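Tertiary structure, described
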Amino acid sequence: MTARAGYKVLPDYSIEDHPPLDVLIISGGVHASEMKNKVVTDWIKSQSHSVKLIATVCTGIFLLAQAVQSLSCKVTTHWEDIPDLRKMFSHLTVIDGVRWVDEGNIVSSGGISAGIDMSLHLVSRLHSEDLAAKTAHQMEFAWTRNT
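Residues numbered from 1 in each chain as written. Predicted model: local features only at pLDDT ≥ 70, side-chain atom pairs only at ≥ 80, totals over all residues. Heavy atoms only, no water.

Quick word on the nonpolar core
What counts here: Side-chain atoms within 4.5 Å link the members of a nonpolar core, which is a set of buried Ala, Val, Leu, Ile, Met, Phe, Trp, Tyr and Cys residues. Summary of the burial criterion: residues with accessible area below 20% of their type's maximum are buried, those above 50% are exposed, and those between are partly exposed, where the area comes from a 1.4 Å probe applied to protein chains only. By the criteria applied, helices consist of DSSP H or I runs no shorter than four residues and strands consist of E runs no shorter than two, each listed in order from the N terminus. Contacts: residue pairs with any heavy atoms within 4.5 Å of one another.
Core analysis: the largest hydrophobic core is formed by 24 residues, its most contacted members being I44, L64, L71, L85 and L92. Residue assignment for this core shows that the elements contributing at least two residues are β1 (23-26), α2 (38-48), α3 (60-67) and α4 (82-88). No other element matches α3, which puts 6 residues into this core. If near-sequence neighbours (up to four positions away) are discounted, L92 is found in contact with A65, L71, S72, C73, V75 and L85. Of all hydrophobic cores here, the second largest spans 12 residues; its members include L53, A55, M118 and L122.

Right under this line is the structure:
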């Protein structure tokens, strides 16, 4: 599979043959065509019934909201896409001015670096604050926590 700018992705599994998931992370990017891809949205919907946690980065929340029409919670996305998210999915409470929103089993973030902050938050939540802090330090990343 080739992503943007020729980046090669060589997955071990596909949506057809992966083992059971605990956490589903839906990445962002150019999302409009994937929102119309019934195979993808049906897969996301089916995973939403079995995973313990779904996290979205940037515009990944559009895919989740398209797949799970009953989704009704606080979310966020990249600042540039907030008006479209509010317009397309009025049943969501879209929060701006935050790096991520944690609603228990749904966690959403803004753009790329906000997604890293959210990922460190997930490490702290699923393992420990100490491991998240050590990971950020190892990456030489200034972890921004929501307040």
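Next comes the rest of the account.
Looking at the packing of aromatic side chains
As a reminder of what qualifies: Aromatic contacts are taken between Phe, Tyr and Trp rings whose centres are within 6.5 Å, Trp giving its six-membered ring; a plane angle under 30 degrees counts as stacked, one over 60 as edge-to-face, and the others as tilted.
Tallying each qualifying case throughout the model produces 1 aromatic pair. Where F62 meets F89, the ring centres are 6.3 Å apart and the plane angle is 70°; that geometry is what we call edge-to-face. Taken together, the residues F62 in helix α3 and F89 in the loop between α4 and β4 (93-94) connect sequence positions 27 residues apart. The exposure class assigned to F62 is buried, which follows from its relative accessible area of 0%. For F89, a relative accessible area of 3% puts it in the buried group.

Structural notes on the sheet that holds strand β6 (residues 106-109)
Condition: The rule for pairing is simple: two strands pair if DSSP sees at least two bridges between them. With axes taken as lines fitted to C-alpha atoms, and helix axes fitted only over the stretch in contact, angles between N-to-C directions fall between 0 and 180 degrees.
Overall, mixed pairing links the 4 strands, which are arranged β1-β2-β6-β5 in an open sheet. A strand with exactly one partner marks an edge of an open sheet, and here the two such strands are β1 and β5 (100-102). Each adjacent strand pair in this sheet contributes to an overall mean axis angle of 10°, direction not counted. The pairing of β1 with strand β2 (residues 53-57) spans 4 bridges and is parallel. Within β2, the position partnered with L24 by the bridge is I54.

Focus on the environment of V107
For V107, the location among the structural elements is in strand β6. Under the relative-accessibility criterion, V107 is labelled buried at 0%. The sequence separation of V107 and I25 amounts to 82 residues, and the corresponding C-alpha distance is 9.2 Å. When near neighbours in sequence (up to four residues on either side) are disregarded, V107 contacts L53, I54, A55, T56, W100, V101, D102, M118, H121, L122 and R125.

The analysis is restricted to geometry; functional conclusions fall outside its scope.
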